[in-house]
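# Descriptive analysis of the structure
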Amino acid sequence: MSILKVFLEISLICYKIKLMADTDNKNQLFELNGKLPPLKYTIPLSLQHLVAMIVGCVTPAIILSSLAQLSPEKSVLLIQSSLVSAAVMTLIELFIGARLPLIMGVSFAYLASMQAIVLGFGLAEVFGAQIVGGAVAAILGLFAKRIQKLFPPLITGTVVFTIGLSLYPTAIRYMAGGAGSPDFGSWQNWLVAGLTLVVVTACNHFGKGLIKLASILIGIVVGYIISIPFGMVDISNVGGSLWFSLPRFMPFGISFEFSAVASFSILFAINAIQAIGDISATTMGGLDREPTGSELKRGITAYGLSNIVSALFGGLPSATYSQNVGIVSTTKVVNRKVFAVTALMLLSAGLIPKFSAILTTIPQCVLGGATVSVFSSIAMTGMKLVSSGDMNHRNTSIVGLAAALGVGISQVTEALAQFPDWVTMVFAKSPVVVATIVAVALNVILPKEKTEEK
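Residues numbered from 1 in each chain as written. Predicted model: local features only at pLDDT ≥ 70, side-chain atom pairs only at ≥ 80, totals over all residues. Heavy atoms only, no water.

Time to look at the overall build of the protein. Tallying secondary structure elements over the protein gives 20 helices and two strands in all. Within the protein, the proportion of its 454 residues that are buried is 53%. (Helix = DSSP H or I, 4+ residues; strand = E, 2+ residues; numbered from the N terminus. Buried < 20%, exposed > 50% of the residue type's maximum accessible area, 1.4 Å probe, protein only.)

Looking now at the nonpolar core. Core analysis: the largest hydrophobic core is formed by 109 residues, its most contacted members being Phe-264 and Leu-316. Once you skip the residues sitting within four places of it in the chain, Phe-264 turns out to touch Tyr-110, Ser-113, Met-114, Ile-117, Val-126, Ala-129, Gln-130, Gly-133 and Pro-317. (Core = buried A, V, L, I, M, F, W, Y, C linked by side-chain atoms within 4.5 Å. Contact = heavy atoms within 4.5 Å.)

For helix 8 (residues 187-206), which comprises 20 residues, the first-to-last C-alpha distance of 28 Å matches the rise-based estimate of 28 Å (1.5 Å per residue) to within 8%. When helix 8 is considered as a whole, its buried residues turn out to be Asn-189, Val-192, Ala-193, Thr-196, Val-200 and Cys-203. Buried residues of helix 8, viewed axially, fall in a sector of 95°; they line one side. Away from its buried face, by an angle of more than 90 degrees, helix 8 presents the exposed residues Trp-187, Val-198, His-205 and Phe-206. (Expected span 1.5 Å × (residues − 1). Arc of directions from axis to C-beta.)

Turning our attention to helix 14 (residues 336-350). Taking 1.5 Å as the rise per residue, helix 14 with 15 residues should run 21 Å; its terminal C-alpha atoms sit 21 Å apart, in good agreement. Taken together, the buried positions of helix 14 are Arg-336, Val-338, Phe-339, Ala-340, Val-341, Thr-342, Ala-343, Leu-346, Ala-349 and Gly-350. Put simply, Asn-335 is the residue that caps the front of helix 14, since its side-chain oxygen is 2.8 Å from the backbone nitrogen of Lys-337. (Polar contact = N/O pair within 3.5 Å; in protein donor to acceptor, adjacent residues only side chain to side chain.)

The contact between helix 4 (residues 111-120) and helix 5 (residues 123-141) brings their axes to 7 Å, and the two run at 130°. In this view, helix 4 runs oblique relative to helix 5, as classed from their interaxial angle. Touching Met-114, Ile-117 and Val-118 of helix 4 are Leu-123, Glu-125 and Val-126, all from helix 5. Classifying every residue of the contact of helix 4 with helix 5 by side-chain character gives five nonpolar, no polar and one charged. (Axes fitted to C-alpha atoms, helices over the stretch in contact; angles between N-to-C directions. Parallel < 35°, antiparallel > 145°, perpendicular 65-115°, else oblique. Nonpolar A, V, L, I, M, F, W, Y, C, P; charged D, E, K, R; others polar.)

The next subject is the environment of Val-328. Looking at the secondary structure, you find Val-328 in helix 13 (residues 322-331). In the structure, Val-328 is positioned 41 residues away from Leu-287 in sequence and 9.5 Å away in space, judged by C-alpha atoms. Ignoring any residue separated from it by four or fewer positions in sequence, one finds Val-328 in contact with His-49, Pro-101, Thr-282, Gly-285, Gly-286, Val-333, Val-334 and Phe-339.

At Gln-69, a residue that is not glycine, the phi angle is positive and equals roughly 55°. Structurally, Gln-69 can be placed in the loop between helix 2 (39-67) and helix 3 (72-95). With relative accessibility at 72%, the residue Gln-69 sits in the exposed group. Non-glycine residue Met-250 carries a positive phi angle of around 50°. Among the secondary structure elements, Met-250 is positioned in the loop between helix 10 (215-227) and helix 11 (258-286).

Here the focus is a nonpolar patch on the surface. Nonpolar side chains collect at one region of the surface, where Trp-187, Leu-191, Leu-195 and Phe-230 lie side by side and expose about 380 Å² of accessible area between them. Within the secondary structure layout, Trp-187 lies in helix 8. Residue class for Trp-187 comes out exposed when judged on its relative accessible area of 58%. (Patch = residues over 30% accessible without salt bridge, like charges linked within 9 Å, V, L, I, M, F, W, Y side chains within 5 Å. Areas by Shrake-Rupley, 256 points an atom, 1.4 Å probe, with all protein chains shown as cover. Salt bridge = Lys/Arg side-chain N within 4 Å of Asp/Glu carboxyl O.)

Here we come to the side chain of Asn-307. If you trace the backbone, Asn-307 turns up in helix 12 (residues 293-312). In contact with Asn-307, not counting residues within four places along its chain, are Met-89, Gln-130, Gly-134, Phe-268, Leu-316, Pro-317 and Ser-318.

Looking now at the side chain of Arg-336. Within the secondary structure layout, Arg-336 lies in helix 14. As a buried residue without a salt bridge, Arg-336 has its nearest oppositely charged side chain in Glu-295, at a separation of 8.8 Å. Polar side-chain contacts of Arg-336 include one of 2.7 Å to the backbone oxygen of Leu-94. (Lys, Arg positive; Asp, Glu negative; His and termini not counted.)

This part is about the packing of aromatic side chains. The full count for this structure, using the stated rule, is six aromatic pairs. Ring plane angle 75° and centroid distance 5.6 Å describe the contact between Phe-249 and Phe-313, whose orientation is recorded as edge-to-face. Here Phe-249 is found in the loop between helix 10 and helix 11, whereas its partner Phe-313 is found in the loop between helix 12 and strand 2 (318-320), with 64 residues between them in sequence. Between Phe-268 and Tyr-303, the ring centres sit 5.9 Å apart and the planes meet at 35°, which makes this aromatic pair tilted. Here Tyr-303 lies in helix 12 and Phe-268 lies in helix 11, a separation of 35 residues in the sequence. Summarising the burial analysis for this pair, Phe-268 and Tyr-303 share the class buried. (Phe/Tyr/Trp six-rings, centres within 6.5 Å; stacked < 30°, edge-to-face > 60°.)

What follows covers the environment of Asp-390. Looking at where Asp-390 falls in the secondary structure, it is placed in the loop between helix 16 (364-387) and helix 17 (393-411). For the pair Asp-390 and Leu-154, spaced 236 residues apart in the sequence, the C-alpha separation amounts to 9.3 Å.

In contact at an axis separation of 8 Å, helix 8 and helix 10 are set at 150° when each is read in the N-to-C sense. Of the possible angle classes, the one that applies to helix 8 and helix 10 is roughly antiparallel. As helix 8 packs across helix 10, the resulting crossing turns out to be right-handed. Contact residues: Val-192, Leu-195, Thr-196, Val-199, Val-200, Cys-203 and Asn-204 in helix 8; Ser-215, Ile-216, Ile-218, Gly-219, Ile-220, Val-222, Gly-223, Ile-226 and Ser-227 in helix 10. Considering only residue class, the contact of helix 8 with helix 10 consists of 10 nonpolar, six polar and no charged. (Left-handed = near helix turned anticlockwise from the far one by under 90°.)

Take the confidence of the model for the protein next. Per-residue confidence for the protein gives a mean pLDDT of 79; residues scoring 70 or more make up 86%. Mean pLDDT across the elements of the protein bottoms out in helix 1 (residues 2-28) (54) and peaks in helix 5 (92). Across residues 17-21 the pLDDT falls below 50, and counting only partners more than four positions away or on other chains, this stretch makes zero contacts in the model. (pLDDT = per-residue confidence, 0-100.)

Okay, here's the thing in structure tokens:
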């Protein structure tokens with residue numbers, strides 16, 4: 001009996017040691033500079049962040065490659081470059097820039113302007129404008145705290161709202177099959193798009209955990225499967241794609257055009273302010289504190305400089321991903337090494353052209369059905385920011401006039417026909433530029449009401 005007692009005591013001690021080790025490993029998840037937790041914790045948490053952002057990261061590249069009528073090889077290269085750039089930019093922010101748990105990826109905020117630039121000039125002008133815009137953001141990073149005062153939630157909310165509005169036509173065109181497609185507007189396209197949207201909405205509102213987070217990805221997979229019997233999927237180019245390839249230097253060329261540079265400079269300034277908001281939300285939601293001045297400075301400066309490098313290797317404009325910030329606030333997991341694993345997963349996907357080639361086979365109607373919910377959430381995020389303050393006469397005038405002029409001019413581009421072409425490109429192709437200028441100007445000029453002053 002004494003031997004059995006000793007054995008039981010030893011077993012109990014071993015169990016307590018294991019329990020303490022597991023507790024210590026779990027606690028590492030909630031430490032910014034903690035060691036890498038065991039893979040049983042790290043892999044699912046990293047995969048969660050990857051699933052939440054990868055569709056948004058590759059969709060702009062897919063849309064632009066179709067709009068620019070790139071060859072299958074060039075389309076694959078554009079997607080590959082965007083994935084690799086997003087991974088590298090994430091690693092830069094994690095360990096050199098803000099040094100906070102942030103995920104970077106291609107931003108929809110630039111999509112409307114990129115479409116206008118591609119149609120008006122070409123893809124090379126997008127990367128030229130990105131270089132200048134990145135420089136603007138890097139300079140603004142040096143004065144992040146001071147500039148933040150010009151963009152309170154009322155202004156950033158108005159800008160984000162107009163970004164969402166500007167993307168609605170893109171989603172509808174894709175739901176109908178994509179502009180220029182021979183079956184544009186067919187019932188088959190609308191059926192597949194509608195079913196994709198239903199799946200995304202159902203997963204988003206009725207799903208829990210990973211199903212809810214991966215609602216867009218699940219919707220695309222289901223829509224993709226449904227579209228196969230309709231003959232919408234062409235995988236002929238997948239077989240010829242390589243299994244491994246490194247990004248190329250200036251694969252699409254770089255060219256500078258004044259109107260493209262002007263519009264991107266404003267957009268990068270706006271996104272620099274949004275990055276301040278994302279950095280603040282990350283530290284407050286995950287670390288229960290405000291970001292330090294050096295974190296903001298390093299984060300915004302790194303955001304600008306890394307976009308310059310990204311443009312040189314064919315990566316589209318990137319920004320901090322708010323959905324991943326939301327995951328941080330929900331889970332409280334802030335260990336940077338967990339996010340580094342996400343970046344390495346993203347990098348691996350980018351270095352495999354065959355993976356990018358598979359993404360190019362997604363029918364446009366499926367993308368439209370999946371992204372229309374993303375665009376609507378962008379607009380509603382803007383409305384939440386706007387409504388976070390008092391909606392008095394002054395504030396409603398700012399929001400209403402900024403949105404009216406921005407959206408109105410972009411819908412009636414011929415209204416600026418008597419002006420030089422660059423004026424039309426800067427102010428009429430996307431509502432974001434006009435809305436931002438009007439909102440900031442009115443916020444400075446219009447007198448504040450007494451409640452706001454208090």
